[in-house]
Amino acid sequence: MMPIPYGRQSITDEDVQAVVQTLKSDYLTQGPKIKEFEEAFAAYIGSKYAVAVSNGTAALHLNCIALGVKPGVKVITTPITFAASANCVRYCGGEVVFADIDPETYLLDIANVRELLEKSPKGTYSGIIPVDFAGRAVDLEAFRKLADEYGLWIIEDACHAPGGFFVDSGKNQQSCGNGNYAELAIFSFHPVKHIAAGEGGMITTNSKDLYEKLLILRTHGIVKEDLNYQNTGSFAVGMNPGISSEEPTDYPAWYMEMQELGYNYRLSDIQAALGLSQLGRAEEGIERRREIATRYQQAFSDRDFVLSQSGIVEGHAYHLYILEVKDRLGLYNWLREKSIYTQIHYIPTHLMPYYRELGWKQGDMPFAEEYYRHCISLPMYPTLSPDEQGFVIDSVLAYYSEENQY
Ligand SMILES: *Cc1c(COP(=O)(O)O)cnc(C)c1O
């Protein structure tokens, strides 16, 4: 058997052709593939707008800027996520406040968030960043209600869940990142995620204002539309004496303005071409992930070494399939010896030295910490073959067999 990772990309000849075509075209960046990818992605997710950016972390950073995070602003998130979900608040000088997870779903527990909000005067917190962790959709309808009570915004970190959904109180499927409940949502196109572009990210929203703001922030804060220029007078036409440009139509074609401090967080057309090609197979990929999840669920239900597992949940996008097990370290090492490279998602963010330095400590998030003691992510990706999955399952069962005396 070849080494089996916990996740990996699948690249088809079609993907390769799409990239080659872009390499031979006029635009390697700032070309037509970006808009094409954005429109197709928004259509897939069901949001009005999408903004392609260089990676998921850049997407989070721009979201925090667009929503006004700055020193003194407090934002709530989960400790069981990739560190970027919290770090984006710190990039803007804001304060991260962790709230514990629900041990059943492994998601940010709305009851804990409510408790935090109730303990402080209204206005203490500005926003919430829930994460569709492992591909399981957060109930954003419930979070929206709570956020509205306290005047908070929501950024949905949907990196694990393109194509996932939750079912709302009206029995409608609400797809992750569709913008119906959160101001903004973000996705990543890192190769372990559902859609690979090498590196890449996407922001989705239904707000035209936020959309326009993000487009500008993505490219240095530069504005290129006549109607929005701030400089007036002969200056704007190159300081030619005697030429007045009080009228917007007088701006020459080269003219542009940097109106605020933005970044270069663009995605290239090469990456967009790959992402777009991959997007065409996204549903197929999720179906395969659900099959894999179903087989794991069957193999590991009613086993005495299993404390909990991802299970079968409607709308779950299965970026990860997680078991909570007894003697996790032993199992992890046993599988490594067989070239099965599982992963641990995640070491709780609040226990990272950087966040400990800011005052967080062991014991602050008891459910997240207990989850971390037992969790292990099994191989989960569309090209995992039935034989490979069988080998993974047999290897896990062998570790806990009576002969092995774990
Ligand atoms: C991958 C990931 C990110 C960051 O995405 P990058 O593209 O790697 O910057 C953020 N949040 C979560 C939950 C992720 O899994």
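See above for the structure.
Quick caveat, the model's predicted, so the values are computed rather than measured.

Draft legend 1. View of the overall build of the chain. What the chain contains, in helices and strands, is 13 helices and 14 strands. Structurally, the chain occupies a C-alpha span of about 95 × 55 × 45 Å along its principal axes. Within the chain, buried positions represent 53% of all 406 residues. By sequence separation, contacts in the chain at least 24 residues apart represent 73% of the contacts at least 6 residues apart.

Draft legend 2. Region of interest: the packing of aromatic side chains. Summed over all chains, the structure comprises 22 aromatic pairs. Residues F41 and F187 carry aromatic rings whose centres are separated by 4.9 Å and whose planes lie at 75 degrees to one another, so their mutual orientation is edge-to-face. Taken together, the positions of F41 in helix α2 (residues 32-45) and F187 in strand β8 (residues 184-188) put the pair 146 residues apart, joining distant regions of the chain. The residues F41 and F187 share a single accessibility class, namely buried. Ring geometry for F166 versus Y181: centroids 5.8 Å apart, planes at 50 degrees, classification tilted. Here the residue F166 occupies a position in strand β6 (residues 165-167), and Y181 occupies one in the loop between β7 (173-175) and β8, the gap between them amounting to 15 residues. Comparing F166 with Y181 shows no difference in burial state: the two are buried. Grouped by ring-pair contacts, the aromatic residues Y296, F300, F305, Y318, Y321, W334, Y399 and Y400 constitute a single cluster.

Draft legend 3. Expanded view of helix α1 (residues 13-23). Residues of α1 that are buried include every one of D15, A18, V19 and T22, and no others. Looking straight down α1, one finds that the buried residues subtend no more than 95 degrees of arc, so they occupy a single side. Projecting away from the buried face of α1 at angles above 90 degrees are the exposed residues D13, E14 and Q21. Close packing links the buried residues of α1 with α2 and α8 (269-279).

Cut-offs used in this document
Residues numbered from 1 in each chain as written. Predicted model: local features only at pLDDT ≥ 70, side-chain atom pairs only at ≥ 80, totals over all residues. Heavy atoms only, no water. Helix = DSSP H or I, 4+ residues; strand = E, 2+ residues; numbered from the N terminus. Buried < 20%, exposed > 50% of the residue type's maximum accessible area, 1.4 Å probe, protein only. Contact = heavy atoms within 4.5 Å. Phe/Tyr/Trp six-rings, centres within 6.5 Å; stacked < 30°, edge-to-face > 60°. Arc of directions from axis to C-beta.

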